[in-house]
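Breakdown of the fold
Each chain is listed here by its residues.
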Amino acid sequence: MTGLVLKLGPHERVLINGAVIENGDRRSKLAIMTPGASILRLRDAIHPEEANTPVRRVCYIAQLVLSGDADAAGTRHQLLRGIEQLSQALTDADSRRLLAEASHAVLAEQHYQALKALRSLLPREERLLAAGRA
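Let us look at the structure shown here. It should be emphasised that the depicted structure is a prediction, and the values quoted were computed from it without experimental measurement.

Further remarks concern the pairing of strand β3 (residues 19-22). Bridge count for strand β2 (residues 13-16) against β3 is 4 bridges, and the pairing is antiparallel. Bridging from a neighbouring strand, R13 pairs with E22 of β3. A loop of 2 residues connects β2 with β3, the two strands running antiparallel in sequence, and N17 in this loop sits at a positive phi of about 50 degrees.

The following block contains the structure:
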C-alpha cells in the first residue's frame, strides 16, 4: 500500500481537502492515495488564540492553507518570511535543518510537510521560552 496511512482513534476527526471526516466507534486506518491531498488532524490543529508564539504563528499560517482557509500562493511570501525570521533565532543545526525542510516544502507547495517540519520545532521553542522566563 502506498500513500499516507492515517491511524484514527474512536471518534477522531480529520480534515481532508476541506471535508471534516469523523471516525466511528473503533480504531481504524485510512489510506490516502491521492498525492498532494490536504490533511490535518483536528486534534493537532492550532486554534487562533493559541498562535501566540513565533513558531505557532508560522504553523498556523501553514495550517490555514491545509484547511483551505488561505490560498497557497497568497501565503507563500508570509510563510517564507516567517521561516526566515525563525532561522534568525533558532540557530542550532537541527533547527536549521527543519527550517530548511519547511522552506523547501513551502516552495514545492507541500504544506503538510512544511507544517510537519515546523511542528517539530514546538518543543524546542517551549524550552527556550521557559528558560527565558526563569
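This brings us to the packing of helix α3 (residues 93-107) against helix α4 (residues 111-119). Running from amino to carboxyl end, α3 crosses α4 at an angle of 165 degrees, the nearest separation of the two axes being 8 Å. Accordingly, the angle class assigned to the pair α3 and α4 is roughly antiparallel. In this structure, the crossing between α3 and α4 has a hand that is left-handed. For the pair α3 and α4, the contacting residues are L98, L99, E101, A102, A105 and V106 in the first and Q113, A114, A117 and L118 in the second. In the contact of α3 with α4, the residues fall into 8 nonpolar, 1 polar and 1 charged.

Here helix α1 (residues 54-67) contains 14 residues, and its C-alpha end-to-end distance of 20 Å stays within 8% of the 20 Å for a straight helix at 1.5 Å per residue. Here α1 lies mainly inside the structure; 10 of its 14 residues are buried. Those residues of α1 that sit buried are V55, V58, C59, Y60, I61, A62, Q63, V65, L66 and S67. On its buried face, α1 sits against β2, β5 (39-41), α2 (72-89), α4 and α5 (122-133). Backbone geometry just downstream of α1 places G68 in the positive-phi region, at approximately 85 degrees.

We now examine the nonpolar core. Grouped together as the largest cluster of nonpolar side chains are 27 residues, with contacts concentrated most on V55, I83, L99, L118 and L121. Of all elements in the fold, only α1, α2, α3 and α4 reach the threshold of two or more residues within this core. Among the elements that take part in this core, α1 stands out by supplying 7 residues, more than any other. Leaving out residues up to four positions away in the same chain, L121 has contacts with V55, L90, S95, L98 and L99. Membership of the second largest hydrophobic core comes to 7 residues, among which are L6, I32, A37 and I39.

Taken in spatial order, the 3 strands make up an open sheet running β3-β2-β5, and their pairing is antiparallel. Two strands in the sheet have a free side with no partner beyond their single neighbour: β3 and β5. For this sheet, the mean inter-axis angle between neighbouring strands, taken without regard to orientation, is 25 degrees. By the bridge criterion, 3 bridges tie β2 to β5 in an arrangement that is antiparallel. Note on β5: the bridge partner recorded for V14 is R41.

The next point concerns α5. Across its 12 residues, α5 extends 16 Å between first and last C-alpha, which sits within 8% of the 16 Å expected from 1.5 Å per residue. All of the buried residues in α5 are L122, R124 and E125. Axial view of α5: buried residues confined to an arc of 160 degrees, hence all on one face. Exposed and oriented more than 90 degrees from the buried face of α5 are R127 and A131. Packed against the buried residues of α5 are α1, α3 and α4.

Rules used in this analysis
- Residues numbered from 1 in each chain as written.
- Predicted model: local features only at pLDDT ≥ 70, side-chain atom pairs only at ≥ 80, totals over all residues.
- Heavy atoms only, no water.
- Pairing = 2+ DSSP bridges.
- Helix = DSSP H or I, 4+ residues; strand = E, 2+ residues; numbered from the N terminus.
- Axes fitted to C-alpha atoms, helices over the stretch in contact; angles between N-to-C directions.
- Parallel < 35°, antiparallel > 145°, perpendicular 65-115°, else oblique.
- Left-handed = near helix turned anticlockwise from the far one by under 90°.
- Contact = heavy atoms within 4.5 Å.
- Nonpolar A, V, L, I, M, F, W, Y, C, P; charged D, E, K, R; others polar.
- Expected span 1.5 Å × (residues − 1).
- Buried < 20%, exposed > 50% of the residue type's maximum accessible area, 1.4 Å probe, protein only.
- Core = buried A, V, L, I, M, F, W, Y, C linked by side-chain atoms within 4.5 Å.
- Arc of directions from axis to C-beta.

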